[in-house]
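Fold and geometry: a report
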Amino acid sequence: MNTDAAILEASGINKTFGPVHVLHDVDFKVYAGQVTSLIGDNGAGKSTLVKCITGIYPKDSGTFAFEGQPVDIGGPRVASELGIEVVYQDLALCENLDIVQNLFLGRERLKTGLLDERSMEQATRDTLAGLSVRTVKSVRQSVSSLSGGQRQTVAIAKAVLWKSKVVLLDEPTAALGVAQTRQVLDLVRRLAENGIGVVLISHNMNDVIEVSDRVCAMYLGRVVADVPVTSATKREFLVELITSGRSGDVGLREEATI
Amino acid sequence: MSDPNAIHALTDFALDTVEKDFKSVVHDNVVRLKSGNLGSLPAILAIIVLTGLFGWANPNSFLSKINLANFLEQASAVIVIAMAVSFVLLLGEIDLSAGFTAGVAAAVLATRLEHWALLPSIGMSALVAIVLGAFTGFMVAKVGIPSFVVTLANVLLFQGVLLLLVKDGGSVRIDDDVIKDLVGGNLSPSSSWIFVGVGLVLFAWSQVRKQRVSHRAIPMSLVVFKVVVAAIGSVLVTSLLVENRAFPNAPAPIRGIPYVVPLVLMLLLLLTFVLNRTRYGRHLYAVGGNAEAARRAGINVPRIRLSAFVICGLLAGIGGAFLASRVNSVDPNTGANDTLLLAVGSAVIGGTSLFGGQGRMLNAVLGGFVLALIPNGLTLVGKKSLPGVGEIDFASSGTKFICAGLALLLASSVDALSRKRST
């Protein structure tokens, strides 16, 4: 596969909720093996864009292409069939179940009609080992006994288990301490190294600069910058982009500002 | 493994691959208990303490053979209804009308038996129980009324149906021998022994199988320990039950394991199997733990809710047959009074959470034993004068209600506190 081509490409996406125009001609690309950060102030349209990509909201206009082919993401099921998975901020884990049970929730492996615990347990271990997760002592631990970082890891592993090609992470480090943030950021990098197209939604500019390959900034429903991280190594630059829509030569032109 | 710090050095799923010995399993359990997850321990302790207490206070009647059988029969209906309620408790829902579902199903059974043969009568009774459960489930899962409210209304609704069926204040006699023997009939001594033998072999086999699947996380010594304890216990109880326990001047001897034992055991095994080994069971726990996560995983949450209420209804209906069989008749009080509270209490005392997602079928049995021991033992203790307090009538309903109520409160406190501690 050509690594220069985007694995997922959204072009000219528009979305309105009644009179509110939430997304204006949004162009957004995700590359395999790269971390693309999606940044923006609250209300900039990040979540709406993610929900359009995953088929939760229907878009008003615009097109999606996946691996170069035009696709119609008509619902969450289509998105997951394509290999697009989202890890939401609330993680959506069942605390009363163990790691294996959570990873396979809704897609349990069966053998003669009964749960095939052995094969699911092994697959869980393989997936976690593939992500170099070294902090989990037993895959039969219940999620309630895990730390915040470990839970995030389990949620990410759940997205990866299905051979996903694009993984969207919504604020994965927002509720974590320093050490656990470290673990999760390492994991984000490892996802990209495994060839997955990673989208990181974050408010933490230090995380963004550290872990991303590309940065996509949104301001009031528009994409105001889509640049490699090498040209955005200053925190102030990014903060200016998301608060005023422009910074120096990059961003909205004066007349386009609303 | 004896050094507790060694565990911190283990990574990469070390706990899944390290062999454990008896001591470390005991240690793991102590750690689990200390973290507030008490499971069924309070119920097991309560059974031991209560048996000791009542046995000490009244060794002749409480520890008699006839009371042992009587106790098992008393506990059976409540245990079955507790299993029914457990299904909705696992979802964090409640069914306050399960007692009257049992009552209505029993009334249908009794009235149909006046005209129909046994099998169609049982079929009709089961069908009605399923319909009542489905009705509750529809109101909760599809209409979206909280189960507490729906089933509170159903208490009146179903009680009304029950009154109409048994014609206000009357009672319907049951003459069918099979239903009469459900609670009260016994296996013959020889089939009792066969039953115990087969049961023990199956138990040992299932334990060994579990040990193999566990990657040696369960030590063989623990398996042997469990099987030996089960063997000693069941052989002891059976040897008491196969002896004649009728009063000296009774016309016929009464001996053998009461039918309720294999019946309840079969239900226990079947339902445990459904909960632990099938996809449906897994989804039930998932919806109880986090309905939103289950929904996002593609589980049809309303359908799981609906089905849990249907199963609850059917099992309550079976419990109704047990209730009717015990007194050979159905009246407006069948399944009324404290039936439901004892059932919910049994599940909770056994360690099933009222908040959903935690629980086993075995909990209903253990809790059911505790709540059946209390009235059984208190009745036999009767009037006793305590030093400094004066005479207390332990056999009165007042005392029994107070004790059962306190036990339930205690159990729910343990549930709530352990939940608080784990979050």
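What counts and what doesn't
Counting of residues starts from 1 at the beginning of each chain's written sequence and follows it residue by residue. The lettering of chains begins at A and the numbering of ligands begins at 1, in the order of writing. Per-residue local features are limited, in this predicted model, to residues with pLDDT of at least 70; the limit for side-chain atom pairs, both in listing and counting, is 80 or more; totals at the level of whole chains, interfaces and linings are taken over all residues. Hydrogens and water are ignored here; the side-chain numbers use all heavy atoms of the structure. In DSSP terms, a helix is any run of H or I states spanning at least four residues, a strand is any run of E spanning at least two, and both are numbered starting from the N terminus. Under the scheme applied here, a residue whose accessible area is under 20% of the maximum for its type counts as buried, over 50% as exposed, and between as partly exposed, the area being computed with a 1.4 Å probe on protein chains only. Whether two residues touch is decided by their heavy atoms; if any such pair falls within 4.5 Å, the residues are in contact. Working definition of accessibility: Shrake-Rupley area with a 1.4 Å probe, residue cover restricted to the visible protein chains. DSSP calls a pair of strands paired once it identifies at least 2 bridges connecting them. All axes are obtained by fitting lines to C-alpha atoms, using only the stretch in contact for helices, and the reported angles, taken between N-to-C directions, cover 0 to 180 degrees. For every residue, the predictor reports its confidence as pLDDT, a number between 0 and 100. Put simply, buried area is the surface a 1.4 Å probe can reach on two separate parts but cannot reach once they are joined, added for both. For this document, the term salt bridge refers to a Lys or Arg side-chain nitrogen within 4 Å of an Asp or Glu carboxyl oxygen. Polar contacts, as used here, are pairs of N or O atoms within 3.5 Å; protein pairs need one atom able to donate a hydrogen and one able to accept it. Residues neighboring in sequence count only if both atoms are side-chain atoms.

Okay, the overall build of chain A next. Across its full length, chain A holds eight helices and 14 strands. By the burial criterion, 53% of the 258 residues in chain A qualify as buried. When contacts within chain A are restricted to residue pairs at least 6 apart in sequence, those whose partners lie at least 24 apart make up 65%. By element, 49% of the accessible surface of chain A is carried by carbon and sulfur atoms, the whole surface being about 11,100 Å².

All right, on to the sheet that holds strand 4 (residues 61-66) of chain A then. Residues and elements named next belong to chain A. The strand order across the open sheet formed by four strands is 2-1-4-5, and the pairing between neighbours is antiparallel. One side of each edge strand has no neighbouring strand; the edge strands of this open sheet are strand 2 (20-30) and strand 5 (69-71). Strand-to-strand twist of the sheet, defined as the mean angle between neighbouring strand axes without regard to direction, takes the value 30 degrees. Where strand 4 and strand 5 come together, three bridges link them in antiparallel fashion. Opposite Phe64, over in strand 5, you have Val71 as the bridge partner. Contacts from helix 1 (residues 46-53) reach strand 1 (8-17), strand 2 and strand 4, with the element oriented near 65 degrees to strand 2.

Residue and element names in this part refer to chain B. Inspection of the sheet shows strand 3 (residues 383-386) paired to strand 4 (residues 390-393) by four bridges, in the antiparallel sense. Note on strand 4: the bridge partner recorded for Leu386 is Gly390. Counted along the chain from strand 3 to the antiparallel partner strand 4, the turn is three residues long, and its residue Gly388 has a positive phi close to 90 degrees.

Before going further, it helps to examine the confidence of the model for chain B. Residues of chain B with pLDDT of at least 70 account for 93%, and the chain-wide mean is 87. Taken as a whole, residues 1-11 of chain B scores under 50 in pLDDT and shows seven contacts with residues more than four places along the chain or in a different chain.

What follows concerns the environment of B:Gly197. Relative to the assigned elements, B:Gly197 resides in helix 11 (residues 189-213). Along the backbone, B:Gly197 and B:Ala231 are 34 residues apart, and their C-alpha atoms lie at a distance of 8.8 Å.

Here we come to the interface of chain B and chain A. At the interface, 31 residues of chain B touch 30 residues of chain A. A buried area of about 2,700 Å², summed over both sides, lies between chain B and chain A, and 53% of it is on carbon and sulfur atoms. Across the contact surface, chain B and chain A share three salt bridges. In this structure, the salt-bridge partner of B:Arg279 is A:Glu108, at a minimum N-O distance of 3.4 Å. Linking chain B with chain A are nine residue pairs in polar contact (both at pLDDT 80 or more). Broken down by secondary-structure element, the contributors of at least two residues to the side of chain B that touches chain A are helix 1 (6-9), helix 2 (14-17), helix 11, helix 13 (260-277), helix 14 (279-289) and helix 15 (291-296) of chain B. Among the elements that line the side of chain B that touches chain A, the one with the most residues is helix 14 of chain B, at six residues.

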